[in-house]
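For reference, the chains in residue letters:
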Amino acid sequence: QVQLVESGGGLVQAGGSLRLSCVASGRDFSDYAVGWFRQAPGKEREFAAAINWGGPLTSYGDSVKGRFTISRDNAKNTVYLQMNSLKPEDTAVYYCAATARGLSRSDRMYEYWGQGTQVTVSS
């Protein structure tokens, strides 16, 4: 069992930055991947970024590549999503998710989910 708690969302103007945090607990995460997904009202859930907990592999969605950076701090059991050059279209609820099935861009592969944190980018 893995528990995930997101934080760091808020209101920011276009061009600004936010850093989201995902704190995990419950077990050894060395074989897990952690992903960030986002969902805007009326839109499908969209992959943002993912990282292996115990390895170097990362992946980014096309809409955030070059602006967002995913990283981890194993000592703190935390995965971060640094979001720079934010745009109004980045407005969404951002979810942290974890899976023991390997790094994936598909939300269907993730077993554990946080409750989300709201990011709002004003124009």
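Here, the structure is the one placed above.
Visitor: When you look at the packing of aromatic side chains in this model, what are you seeing that I'm missing?
Guide: Each pair of aromatic rings is reported with the distance of its centres and the angle of its planes. Per the stated rule, a full pass over the model turns up 6 aromatic pairs. Between Phe 37 and Tyr 110 the ring centres are 5.1 Å apart and the planes differ by 75°, which places this aromatic pair in the edge-to-face class. On the criterion of sequence distance, the pair formed by Phe 37 in strand β4 (residues 33-39) and Tyr 110 in the loop between β9 (92-99) and β10 (112-113) is long-range, its members being 73 residues apart. Judged by its relative accessible area of 5%, Tyr 110 is buried. Three or more aromatic residues joined by ring pairs form one cluster here, namely Phe 37, Phe 47, Tyr 95, Tyr 110 and Trp 113. One residue, Arg 45, lies across the ring of Trp 113, its end atom 4.5 Å from the ring centre.

Visitor: In this structure, what is going on with the sheet that holds strand β1 (residues 3-7)? I would like to understand it.
Guide: Across a sheet, paired strands are connected by hydrogen bonds in the backbone, their directions being either parallel or antiparallel. The strand order across the open sheet formed by 4 strands is β1-β3-β8-β7, and the pairing between neighbours is antiparallel. In the strand order of this sheet, the two ends are held by β1 and β7 (68-73), each with one partner. Pairs of neighbouring strands in the sheet enclose a mean axial angle of 15°, with direction left out of account. The pairing of β1 with strand β3 (residues 18-25) spans 5 bridges and is antiparallel.

Visitor: How should I be thinking about the pattern of salt bridges in this particular structure?
Guide: Opposite charge on two side chains permits them to pair, given that their charged atoms come into close proximity. Tallied over the full model, the rule gives 4 salt bridges. Across the salt bridge formed by Glu 46 and Arg 38, the nearest N and O atoms sit 2.8 Å from each other. Look at Arg 38 and you get buried, because its relative accessible area is 6%. Arg 38 is paired through a salt bridge with Asp 90; the nearest N and O atoms lie 2.8 Å apart. Of this pair, Arg 38 sits in strand β4 while Asp 90 sits in the loop between β8 (78-83) and β9, and the two are 52 residues apart along the sequence.

Visitor: Is there a simple way to explain the pairing of strand β5 (residues 46-52) in this structure?
Guide: Two faces make up the sheet, and in a regular strand the side chains alternate between them. Most of β5 is tucked away: 6 of the 7 residues are buried. As judged from the 6 bridges shared by β4 and β5, these two strands associate in the antiparallel manner. From the neighbouring strand, Ala 33 faces β5, where its bridge partner is Asn 52. Linking β4 back to β5 in an antiparallel pair, the connection comprises 6 residues, with Gly 42 at a positive phi of about 75°.

Each value, and the rule that gives it
- Residues numbered from 1 in each chain as written.
- Predicted model: local features only at pLDDT ≥ 70, side-chain atom pairs only at ≥ 80, totals over all residues.
- Heavy atoms only, no water.
- Phe/Tyr/Trp six-rings, centres within 6.5 Å; stacked < 30°, edge-to-face > 60°.
- Helix = DSSP H or I, 4+ residues; strand = E, 2+ residues; numbered from the N terminus.
- Buried < 20%, exposed > 50% of the residue type's maximum accessible area, 1.4 Å probe, protein only.
- Lys NZ or Arg CZ within 6 Å of the ring centre and 35° of its normal.
- Pairing = 2+ DSSP bridges.
- Axes fitted to C-alpha atoms, helices over the stretch in contact; angles between N-to-C directions.
- Salt bridge = Lys/Arg side-chain N within 4 Å of Asp/Glu carboxyl O.

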